[in-house]
Amino acid sequence: MHPMLNIAIRAARKAGNHIAKSLENAEKIESTLKGTNDFVTNVDKEAEALIIDTIKASYPDHCIVAEENGLIDGRDKEVQWIIDPLDGTSNFVKGLPHFSVSIAVRIKGRTEVACVYDPMLNELFTAQRGSGAQLNNARIRVKQVKDLQGTILATGFPFKQKQHSESYFKIMSALFVDCADFRRTGSAALDLCYLAANRVDGYFELGLKPWDMAAGELIAREAGAIVTDFAGGTDYMTSGNIVASSARGVKGILKHIRENGNAAMLK
């Protein structure tokens with residue numbers, strides 16, 4: 001195992017255990033609004049501190065991009081850890097047990113290792129570039145679909161960018177004719193991992209941040225998924241708009257996005 005993956009797993013488990021424990025004392029969870037429909041809790045911040053401390057103990061010179069702390073610069077500019085300490089904060093605040101800790105390591109601009117930990121189910125999704133993806137150490141693979149017939153697609157609504165809601169629901173209406181059903185679970189990281197583990201057949205969402213998808217997209221790709229932006233390119237880490245499925249699934253989803261999306265989405 002890559003030594004950095006080892007540290008990422010240790011950090012994710014520490015943070016996940018803290019988050020799970022915090023749910024037992026729900027009255028101590030303090031939630032504040034940090035942006036449009038965007039919540040942060042004291043638990044997000046505590047979990048992030050645990051992750052940063054764990055990374056810094058082994059790699060004090062590395063750079064870290066964290067959801068709550070932003071960029072923490074290090075001497076080694078070539079290595080960047082991308083952290084989401086609690087992906088699915090709204091679920092957590094409501095006591096809905098579906099959220100995750102997401103950690104990825106990028107070296108020279110390429111994601112090399114990733115882990116996503118669901119502390120409520122004790123499920124650990126991991127990937128190392130070129131070595132495949134695992135769920136609790138068992139290999140996972142994306143199912144190759146012929147078309148969208150009978151597929152279950154995961155998505156998230158653009159709750160921070162409601163100006164896109166009309167176009168987004170047009171895309172969903174068109175897709176709904178072709179697919180079997182949708183899932184909207186509230187954790188982008190787990191949606192990508194569920195695609196990797198064959199629990200859903202495709203995933204698309206707009207307006208994500210790098211920490212929402214950095215780990216999940218490597219896990220999905222190492223499980224055999226094709227990952228693109230809404231224009232069919234590979235600029236999703238910058239645009240925040242992502243489509244992931246097997247090759248024909250991506251083709252079907254992109255067709256409906258092209259036909260029903262607005263110009264701002266397709267940049």
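Only a predicted model underlies this, so the values are computations on that prediction, with no experimental measurement involved.

**Here we look at the pairing of strand E5 (residues 76-87)**
- One ladder, built from five bridges, connects strand E3 (residues 62-66) with E5; its direction is parallel. Paired with Ile 64 across the bridge in E5 is Trp 81.
- Here seven bridges tie E5 to strand E6 (residues 100-107), and the two strands are oriented antiparallel to one another. Paired with Gln 80 across the strands is Arg 106, a residue of E6.

**Regarding the environment of Gln 134**
- Structurally, Gln 134 is set in strand E9 (residues 133-135).
- Separated by 10 residues in sequence, Gln 134 and Leu 124 have C-alpha atoms that sit 8.0 Å apart.
- Dropping the residues within four chain positions of it, Gln 134 is found in contact with Leu 124, Phe 125, Thr 126, Arg 139 and Ile 140.

**Notes on the domain arrangement of the protein**
- Under the domain assignment, the protein is made up of domain 1 (3-139) and domain 2 (152-260).
- Relative placement of domain 1 and domain 2: their C-alpha centres are 21 Å apart.
- Contacts between the two partners involve 39 residues from domain 1 and, on the opposite side, 25 residues from domain 2.
- Buried area between domain 1 and domain 2, both sides added, is near 2300 Å², and the carbon and sulfur share of it is 63%.
- In this assembly, domain 1 and domain 2 are joined by one salt bridge.
- Between Arg 199 and Glu 123 there is a salt bridge, with the nearest N and O atoms lying 2.8 Å from each other.

**Comments concerning the sheet that holds E3**
- Pairing in this open sheet of eight strands is mixed, and the strands run E4-E3-E5-E6-E7-E8-E9-E10 from one edge to the other. Edge positions in the sheet fall to strand E4 (70-72) and strand E10 (138-140), since each of these pairs with one other strand and no more. Here the strands of the sheet are splayed against their neighbours by 20° on average, with no regard to which way each runs.
- Across the sheet, helix H1 (residues 3-24) lies against E3, E5, E6, strand E7 (110-118) and strand E8 (123-128), angled at about 30° from E7, the strand it touches most.
- Lying over the sheet, helix H5 (residues 188-196) contacts E5, E6, E7, E8 and E10, oriented at roughly 100° with respect to E7.

**Topic: the UniProt feature "binding site: Mg(2+)" (unreviewed entry) in the protein**
- Per the UniProt record, "binding site: Mg(2+)" (unreviewed entry) is found at Glu 67, Asp 84, Leu 86, Asp 87 and Asp 212. On the basis of their most widely separated C-alpha atoms, the annotated residues across 146 residues gather in one place, lying no more than 9.6 Å apart.
- As for its position among the elements, Glu 67 is in the loop between E3 and E4.
- With residues near it in sequence (within four places) discarded, Glu 67 still touches Lys 34, Glu 48, Ile 83, Asp 84, Pro 85 and Trp 211.
- With respect to the helices, strands and loops of the structure, Leu 86 is situated in strand E5.
- Take Leu 86: its relative accessible area is 1%, and that puts it in the buried class.
- Leaving out residues up to four positions away in the same chain, Leu 86 has contacts with Ile 19, Asp 44, Phe 92, Phe 99 and Ser 100.

**Re a positive patch on the surface**
- A cluster of basic side chains, namely Lys 143, Lys 146, Arg 248 and Lys 251, defines a positive patch on the protein surface.
- Tracing the backbone through its elements, the reader meets Lys 143 in the loop between E10 and strand E11 (152-155).
- Here Lys 143 falls in the partly exposed class, since its relative accessible area comes to 49%.

**Re the state of the cysteines**
- In total, this model carries zero disulfides according to the counting rule given.
- Summary of cysteine pairing: Cys 115 is not part of a disulfide, and the nearest cysteine sulfur, belonging to Cys 193, is at 9.3 Å.
- In this structure Cys 115 comes out as buried when scored by relative accessible area, which is 0%.
- Cys 193 gets classed as buried once you look at its relative accessible area, which sits at 0%.

Conventions adopted
Residues numbered from 1 in each chain as written. Predicted model: local features only at pLDDT ≥ 70, side-chain atom pairs only at ≥ 80, totals over all residues. Heavy atoms only, no water. Pairing = 2+ DSSP bridges. Helix = DSSP H or I, 4+ residues; strand = E, 2+ residues; numbered from the N terminus. Contact = heavy atoms within 4.5 Å. Domains from an automatic or database assignment. Buried area = accessible area lost by both parts, 1.4 Å probe. Salt bridge = Lys/Arg side-chain N within 4 Å of Asp/Glu carboxyl O. Axes fitted to C-alpha atoms, helices over the stretch in contact; angles between N-to-C directions. UniProt positions renumbered as here; feature names shortened; annotations may be inferred. Buried < 20%, exposed > 50% of the residue type's maximum accessible area, 1.4 Å probe, protein only. Patch = residues over 30% accessible without salt bridge, like charges linked within 9 Å, V, L, I, M, F, W, Y side chains within 5 Å. Areas by Shrake-Rupley, 256 points an atom, 1.4 Å probe, with all protein chains shown as cover. Lys, Arg positive; Asp, Glu negative; His and termini not counted. Charge placed at Lys NZ, Arg CZ, Asp CG, Glu CD. Disulfide = S-S within 2.5 Å.

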